[in-house]
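# Structural description and commentary
If you want the building blocks of each chain, they are given just below.
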Amino acid sequence: MALLFLSEADPVEPWRAALLAEMPDLDIRVWPDQVGDPGDIDVAFVWKPPPGELARYPNLRAILSLGAGIDALIQDDTLPDLPLARMVDPSMTSTMADYILLSVLRHHRHFDLFEREQRAGRWTFVLPKRPEERTVGILGLGELGAAAATRLLDHGFNVRGWSRSKKTIKGVQSFHGQGQLDNFLEAAEILVCLLPLTADTEGILNAALFAALPKGACLINAARGGHLKEIDLLDALENGQLSAATLDVFETEPPPATSPLWLHERVLMTPHVASYCSPQTAAKGVVENIKRALSGKPLRNLVDRNRGY
Ligand code: NDP
Ligand code: OXD
């Protein structure tokens, strides 16, 4: 049994230690130098493999993603038609909930305003509302969205979420489907995007959606750059429909030096760090999936390729 480890973003050593602690006889082959015979590879554990690369392994049985979002993987037409699992990890879930709470509080407590006012040499005194008086809307109530919703609820915010199917999360108002999107948006003073990037959700953060939000709403996008029409965001910030944005993800990462987002006084950019997985907490689930792949059992956190997530 050999596992291909392929990522230019994740150092292998912490993964090697954590995976071997769970499965001491695992043969880990690190791409590109330690692959050996491609025919030896049973399972691939990957983040953004070069297009075409995974088609080179004739005995591959499953693909495990190092990331929660698998949009880049399934855009590769040559990706073998094998079971594909996305990453679900307690550390990833909890660091995302932290990021969303931090970003929501920054807007809710007017720190975005205070940062601008300080730079302008102005002492501007504004008191926030109570969290109970602030409605936060979350697009996507899956693994990450549901955890963020619960963290915000614990903090006293009024939380609503939108998903494909109806959800029952205590205290969270659930909206679902295209037909309920406008109702969901009409009260969302702070809008968080935690959707997967699919054909249905690409470009969803656009002028029409912004127009359905309360005037002066804030946007937090921690999902994918492809969800956002940047030009529409810039217009909405210009005309006051949106008052501020926090962006963790971009169409091109990093954005080109010419992007107006870099210096925009109402935009906070973070470098795709909203959440991160920890080999120590994720290894158990990865090894469980390796064993499932080897014994032909269905993978956990299996991606439905037709749905796109
Ligand atoms: P999940 O698959 O667990 O959840 C996705 C949610 O989106 C579900 O609630 C799903 O609805 C909903 N959804 C999907 N399509 C639609 C649609 N067309 N209309 C309405 N709702 C829809 O994903 P995760 O929570 O694990 O991750 C979400 C995304 O977060 C990832 O795909 C990735 O892009 C991003 N991400 C970003 C990171 C960062 O550091 N910035 C790190 C990790 C992930 P339903 O439940 O009904 O199926
Ligand atoms: C992602 C990740 O999907 O970092 O963005 O896992």
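Residues numbered from 1 in each chain as written. Chains lettered and ligands numbered in written order. Predicted model: local features only at pLDDT ≥ 70, side-chain atom pairs only at ≥ 80, totals over all residues. Heavy atoms only, no water.

### Describing empty space enclosed by the protein
Empty space among the atoms becomes apparent when a probe as large as a water molecule is rolled across them. Scanning the entire structure with this criterion turns up one cavity of 30 Å³ or more. Considered as a void within the structure, the largest cavity measures approximately 50 Å³ in volume. Lining the largest cavity are Val46, Trp47, Lys48, Pro49, Ser65, Gly69, Ile70, Ala72 and Leu73. Those elements that place two or more of their residues in the lining of the largest cavity are strand 3 (41-47) and helix 2 (71-74). The residue makeup of the lining of the largest cavity, split by class, is six nonpolar, two polar and one charged. (1 Å grid on protein atoms, 1.4 Å probe; cavity = no way out; pocket = protein on both sides within 12 Å on 5 of 7 lines; lining within 4 Å. Points joined across faces, edges and corners; volume = space filled by probe spheres on them. Helix = DSSP H or I, 4+ residues; strand = E, 2+ residues; numbered from the N terminus. Nonpolar A, V, L, I, M, F, W, Y, C, P; charged D, E, K, R; others polar.)

### Brief notes about the sheet that holds strand 5 (residues 84-85)
An order of 2-1-3-4-5 is seen for the five strands of this open sheet, with the pairing classed as parallel. The open sheet is flanked by strand 2 (27-30) and strand 5, the only strands paired with a single partner. Sheet analysis places strand 1 (residues 2-7) next to strand 2, joined by four bridges and oriented parallel. Paired with alanine 2 across the strands is aspartate 27, a residue of strand 2. (Pairing = 2+ DSSP bridges.)

### As for helix 4 (residues 111-119)
Here helix 4 has its buried residues at Asp112, Leu113, Arg116 and Glu117. Burial along helix 4 is one-sided: seen end-on, the buried residues are contained in an arc of 130°. Opposite the packed face of helix 4, turned more than 90 degrees from it, sit the exposed residues Gln118 and Arg119. Positive backbone phi, approximately 70°, marks glycine 121, located one or two places after helix 4. (Buried < 20%, exposed > 50% of the residue type's maximum accessible area, 1.4 Å probe, protein only. Arc of directions from axis to C-beta.)

### Points about the pattern of salt bridges
Under the counting rule described, the total for this entry stands at 16 salt bridges. Measuring nitrogen to oxygen at the nearest pair gives 3.7 Å for the salt bridge that ties arginine 130 to glutamate 132. Looking at arginine 130, the relative accessible area reads 47%, which means it is partly exposed. We note a salt bridge from glutamate 189 to arginine 134, for which the minimum N-O separation is 3.2 Å. Of the two residues, glutamate 189 is situated in the loop between helix 6 (181-185) and strand 9 (190-193) and arginine 134 in the loop between helix 4 and strand 6 (135-139); the sequence distance between them amounts to 55 residues. Exposure remark for glutamate 189: the relative accessible area of 18% places this residue in the buried category. Exposure remark for arginine 134: the relative accessible area of 10% places this residue in the buried category. (Salt bridge = Lys/Arg side-chain N within 4 Å of Asp/Glu carboxyl O.)

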